[in-house]
Amino acid sequence: MQKILTEGDLLNASGGLCEAGYAMALIKRYDRSAIKANRFRIKEWDYYLIHNEDFGVALTLADNGYMGLVSASFLNFAKPHERTVSKMFWFPMGKTALPPTSAQGSSQKNLKGCSCSFTHEGGRRRLTLSMDNFAGGKPFSCELWLFGEPEDSMVIATPFKEAPRAFYYNQKIVGMRAEGWAEYLGERYEFQGTDSFGLLDWGRGVWTYSNTWYWGAAQGEVDGHSIGFNIGYGFGDTSAASENMVFFDGMAHKLKEIDFGIPRANGRDDYMSVWHMTSSDGRFSMDFEPLLDRFSDTNALLIRSCQHQVFGRFSGRLILDDGREVEVKNLLGFAEKVKNRW
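Because the structure is predicted, anything quoted here is derived from the model rather than measured. (Residues numbered from 1 in each chain as written. Predicted model: local features only at pLDDT ≥ 70, side-chain atom pairs only at ≥ 80, totals over all residues. Heavy atoms only, no water.)

Visitor: Describe the nonpolar core, with residues and values.
Guide: Nonpolar side chains tend to gather and get buried jointly when the protein is soluble and globular. With 80 residues, the main nonpolar core has Leu59, Leu129, Phe140 and Phe167 as its most contacted residues. The greatest single-element share of this core, amounting to 11 residues, is contributed by strand β13 (residues 163-184). Residues in contact with Leu129, not counting those within four places in the same chain, are Leu59, Val70, Ser71, Ala72, Ser115, Cys116, Phe140, Ser141 and Cys142. (Core = buried A, V, L, I, M, F, W, Y, C linked by side-chain atoms within 4.5 Å. Buried < 20%, exposed > 50% of the residue type's maximum accessible area, 1.4 Å probe, protein only. Helix = DSSP H or I, 4+ residues; strand = E, 2+ residues; numbered from the N terminus. Contact = heavy atoms within 4.5 Å.)

Structure, rendered in structure tokens:
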């Protein structure tokens, strides 16, 4: 049985989670000042992915204690190609002042040759980022608007068995509409609200040092209905709830455990072959055909992050809570495996 969260404070007087479980909204109150763990272990971030069928943009602003990050990616799915540039800043220790909720407030950072802003304006989310010398000596810039937020989202509060003051409080909003533009290598790419989608990965927490997680998401339309899902495992103690959830016309349908079925070749993960994904409750069965692997491996002594974020297309079937079966064909999304020591 997966536990549904109740309203109230996220953390107790000892700095641990009041309860673990899932919800469809941010009903737990996150208060950074209630954390009792070492400030170096506090991780806070906002990650947005905006795309249509042909191209996309990913934007990140993070305050990870001893290290902060502004990152932008341009993704080309029609002619598989990606460019990611990340600008680090040191020892922000919360001074980035990321808001305690995704529903309001501003996330902003200015660095030399780079500026980033995620704000709420007129009931929409406005995302802007500019970065000098992004690719080929040319800058990158974008202005994107997200609207039509679904009624439900995936929210999870996850503890770590080995560290009672460590936790992961996370919201995934999947299937917002997107419009705006991005400029890459001197070309302007337009996002239209009729064919472009956006998701938010909002996270606040205290992490243990070494972790491996699996995460995937997709968003689009099937037969005139909005469809999306969030899937994942491997991070923290998820015995109280998984983060696996389907969104159909903005309403959440909860799934049990999912295995990504990453193929193997020559003793290693073969990320660019077809993945076969299944859920323990039989309600999620997908083939994932990769198009593009956004791979990075940052290795700096005690800090290492090895990431394979693979973009591709999902085909298969979903079964909703009421038993309806939804056939999915070539739904654009991603699945990733990330190993971190930081």
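Visitor: Could you give an account of the side chain of Asn170, with specific residues and numbers?
Guide: Considering the arrangement of structural elements, one finds Asn170 in strand β13. The class of Asn170 is buried, set by a relative accessible area of 0%. Among the polar contacts made by the side chain of Asn170, one reaches the side chain of Lys172 at a distance of 2.5 Å. One polar contact links the side chain of Asn170 to the main-chain carbonyl oxygen of Trp202, over a distance of 2.8 Å. Aside from chain neighbours lying at most four places away, what touches Asn170 is Trp45, Met154, Val155, Ile156, Asp201, Trp202 and Gly203. (Polar contact = N/O pair within 3.5 Å; in protein donor to acceptor, adjacent residues only side chain to side chain.)

Visitor: Provide a residue-level description of unusual backbone geometry, including the pertinent values.
Guide: Keep in mind that most residues, glycine aside, have a negative phi and that most peptide bonds are trans. Although it is not a glycine, Met93 adopts a positive phi angle of roughly 50°. On the secondary structure map, Met93 appears in the loop between β7 (81-90) and β8 (107-111). Looking at Met93, the relative accessible area reads 15%, which means it is buried.

Visitor: Talk me through the pairing of strand β12 (residues 154-160); I want residue IDs and the actual numbers.
Guide: Taking burial as the measure, the seven residues of β12 include six buried ones, the bulk of the element. Alignment of strand β2 (residues 21-23) against β12, held across three bridges, turns out to be antiparallel. Directly across from Ala23, in β12, lies its bridge partner Val155. The pairing of β12 with β13 spans seven bridges and is classified as antiparallel. (Pairing = 2+ DSSP bridges.)

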